[in-house]
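What the coordinates show
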Amino acid sequence: AKVAMSSRFWAAEESSDSDGSGSGSDSDSSSSSGPKQKVPSKFAAGGDSSSDDDDRKRVVVKSARDKRYDEMHSTIKATRNHMKINDWGMILADFEKLQKQVQKAQAIINKEGIPRFFIKILCSLEDHMNATAANKEEVKKMKSTNAKALNAMKQRLRKHNKQYEADMAKYRASPDADSDASAAEASESSDSEEEVVAKKPAAAAVPSKFAKKPAKEADDDDDDDDWSEDEDEESSSSESDDNKKATGKAKWIKKETSSSAKPAVKAPEKPRVQKVRKGSDDDEPARQKQVATADSVELTEEAVDSKLKEIIAGRGRRGTDRKEQIQQLQQLTAFTKNPIKLAQVLVHLTSAQFDINPSLHTHMPVDMWRSCFSNITKLLQVVTSNPEVILEEEAAALPVEDEEDAEEVAPRVVGNLLGFLERLDDELYKSLQFIESHTADYARRLQDTVQMVALIDGVHKYYVSVGNLKVAARCCARKLEHLYYKHDDLVNASEGQASGAKASQSAMSNAVEQLCSEIYRYGDDRTKTRGMVCHIYYNALHDRFYVARDLMLMSHLQETVHQADVGTMILFNRAMAQLGLCAFRAGLIAEAHACFSEICGLGRTKELLAQGLSQARYDRNPEQERQERRRMVPYHMHINLDLLECCHLVSAMLMEVPHMAANAYDSKRKVISKPLRRLFEHYERQVLVGPPESMRDFVMAAARALRDGDWKKSAGYILGLDVWNHISRKEEVKTMLKAKIQQEGLRTYLFTYCSHYDAMSLDQLVQIFELPKQLVHSIVSKLMISGELHASWDQPTNSIVMHHIEPTRLQFLALQFADKAAVFVENNERLLDSRSGGGYRDQKGQHKEHTRYPEGGNPQWHNNYGGNAQGARYGRARQRHNAQHMTVR
């Protein structure tokens, strides 16, 4: 029978399924079997409307709580966007706006408690502010307005967060609970939004295609969408073609579907891994829960190879989540049982972990470093326990004729174990550079060096076993750089042994000697140079000055170090500073001053030792400053700069003050220490000199007292410094300094007052300077032999008889005046000869070589003073005067 169908604009019944995809087979059978009943149209008054009209007419009524929280959520979202670009002006404005919104919602907060998302944004703001303030370079580059906003935000946030300290501490203790709370809150808000909807009393609402579905059903639909995408496109295209052909009323008449049509066959589902949205910290728990579908099943080698190739192909591409790749590789290590495949996976996993921190200005996170350390240790265990696994830096191509025997060749894995070790060591070094040295984190990080040394030992043994001695020498160099700056007593104390145990000290010294000998034998040029410098530093640290000095002189490092890289030059400077301290502790003042003058004489001790940056006296661009900061030495390797400067000034004082007394009237005397001489001139220009305050003031006060002959006052200034608490063998050093001040005080006294006395008693000198009689006799005799003191011994009276051949101050000034007058006359005559065209030079500026010189005349003086005998006589008289002057001087 023909079914009468009317238009949808009239009172005709139209049934539809909940998915909106047309009438199904069940609806068709029911409509054909039962009688047709006419009901009011959907578009009539009181009828149901379509899903589109429902969407337009839906009215969502929100509670006051939801409105307040939605405003706060939007403000927090804007704040996070501004945090990404470090716009502190807008962050400050958003924070003030958020405070006002919290005040408006105070009644709700008092009833329900402080919302967790508000505590979360406060913690995020505080962490971001602290991180930005800690980065001094970034703060310097900020505009003035942005920097002012950062300071204002810092003050307001600290003041504001005091009332939420307990809640913030609770949140920081369990931040993972935030996801559960936010999910529960979202479900509550969604229920409240869908609770009030405008309903029609006549008929039941027709479910829409876009209506909300349960979680399981939604997941099924998502799965179906992937497989039925093409089918939907085909059906939509066919329907659109039919609608184009139909016109008028026929366009709106519902067509019957054929009951004989076959249902679409659904493609089999593929196992998939749950996708996690990238770039959000809140998704970290979900990322950690992400596992493969074959979790409990051991994967085959083919599956591992395919997955590994897929991960490798995605490395380095734009938009690739590096953390997700690392987690996938870690899962492959759990599935892989073959040692060759396991070594390959570990090599790629270690490389991916190093890619997490590509910047040179930051260090690898500590957790990631420890994970990488465990992976390298596992790789070392695999290649050590399985000799068939061979690591190569480059993949070698197999010859064509040997392809048939490829299975018999030992499998090789492309990887560089030494490269991983050096990169891991560099990341540890960088972390010690950037972590604040006076915190517990630095101490905990420093404990990782013990594990690092153990790993270096393992890698060294592996390369020795495979016969690669050149690479093993590089491992020795890495281990030596972890040991050279540590004293044996410190190592014994850290190992819990008694300080001063000779057996353990000799073992440590033998270990260092063995490392250095292997480096000298198998290392390259750079490794040998650094090994030699570390060896010198180690010997100087243990007061073996002559051994360290001989190594320095035999290696000629002072001549070739300027050709090395900057890191090696810094290491050389550290060795020179330690060598100077060793000589100072041994009482070798001249050798100590020679070492210190190269480091402390330029005023850039911090830069030369890589222990900090001086003030902006030297122009440097930001890139140079960043490079210098990357070269900084960690705090536990620092040499005490105050001790270094004090030893330099004291050694300069002990040498310069007697030299100044011996050449008091000579303006052209040689200066031994220019820094000390500049300090002397600075203090001499001061009208009023107060009591000493700094270390330099104490040294200068001691130098002035020593110049006046008061050695006790000078020794009191020097020995009273607190800096001697930082030097080893403190009491021995102080005893040595007192003896040196007494001896140099005696020499200064003799130089200063020898012109005022005809004779000096030896017993009186012994009484004044409290020195042994034999030592005083020895010092005075050396001065007489060297010609510095013009005197002789009178044995019967046991006294020193002065000869008084030194010129007095008046005579010395007269000689200086005569010298300057002679120079003035000579310049005058040259000027007159050049103007008159006399005998000094001809008109072309050339000497007159055709002039005949008198017998015994000097051509030079003849040319200077004319071509006659009078000029020659003047020249000879001038030569005699200069010879007499030099003899007197």
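If you're wondering where the values come from, they're calculated on a predicted model, not measured in any experiment.

About the criteria used
Residues numbered from 1 in each chain as written. Predicted model: local features only at pLDDT ≥ 70, side-chain atom pairs only at ≥ 80, totals over all residues. Heavy atoms only, no water. Helix = DSSP H or I, 4+ residues; strand = E, 2+ residues; numbered from the N terminus. Contact = heavy atoms within 4.5 Å. Phe/Tyr/Trp six-rings, centres within 6.5 Å; stacked < 30°, edge-to-face > 60°. Buried < 20%, exposed > 50% of the residue type's maximum accessible area, 1.4 Å probe, protein only. Lys NZ or Arg CZ within 6 Å of the ring centre and 35° of its normal. Pairing = 2+ DSSP bridges.

Side note on the environment of Leu 346
- Looking at the secondary structure, you find Leu 346 in helix H16 (residues 339-354).
- The spacing of Leu 346 and Ile 376 is 30 residues in sequence and 7.5 Å in space, taken between C-alpha atoms.
- Setting aside chain neighbours within four positions, we find Leu 346 in contact with Thr 333, Asn 375, Lys 378, Leu 379 and Val 382.

Brief notes about the packing of aromatic side chains
- Going through the model one piece at a time under the given rule, you end up with 12 aromatic pairs.
- Measuring from ring centre to ring centre gives 5.4 Å for Tyr 484 and Tyr 485, while their planes differ by 85°; the resulting arrangement is edge-to-face. Each member of the pair, Tyr 484 together with Tyr 485, is buried.
- Considering the side-chain rings of Tyr 749 and Tyr 753, the 5.0 Å spacing of their centres and the 50° angle between planes classify their relative orientation as tilted. Taken together, the residues Tyr 749 and Tyr 753, both in helix H35 (residues 730-753) and 4 residues apart, mark about one turn of the helix.
- Among the aromatic residues, those joined into a cluster by ring pairs are Tyr 484, Tyr 485 and Tyr 537.
- The aromatic ring of Trp 369 is capped on one face by Arg 445, whose charged end is 4.4 Å from the ring centroid.

What to know about the side chain of Glu 628
- Looking at the secondary structure, you find Glu 628 in helix H30 (residues 622-630).
- When near neighbours in sequence (up to four residues on either side) are disregarded, Glu 628 contacts Glu 607, Leu 613 and Arg 620.

Concerning the pairing of strand E5 (residues 799-802)
- Looking at chain direction, strand E3 (residues 759-761) and E5 are connected through 3 bridges and run antiparallel. The partner of Ser 761 across the bridge, within E5, is Ser 799.
- Pairing analysis gives 4 bridges linking strand E4 (residues 791-794) to E5, with the strands arranged antiparallel. Within E5, the residue paired with Asp 794 across the bridge is Ser 799.
- Between the antiparallel neighbours E4 and E5 lie 4 residues, among them Asn 798 with a positive phi of about 55°.

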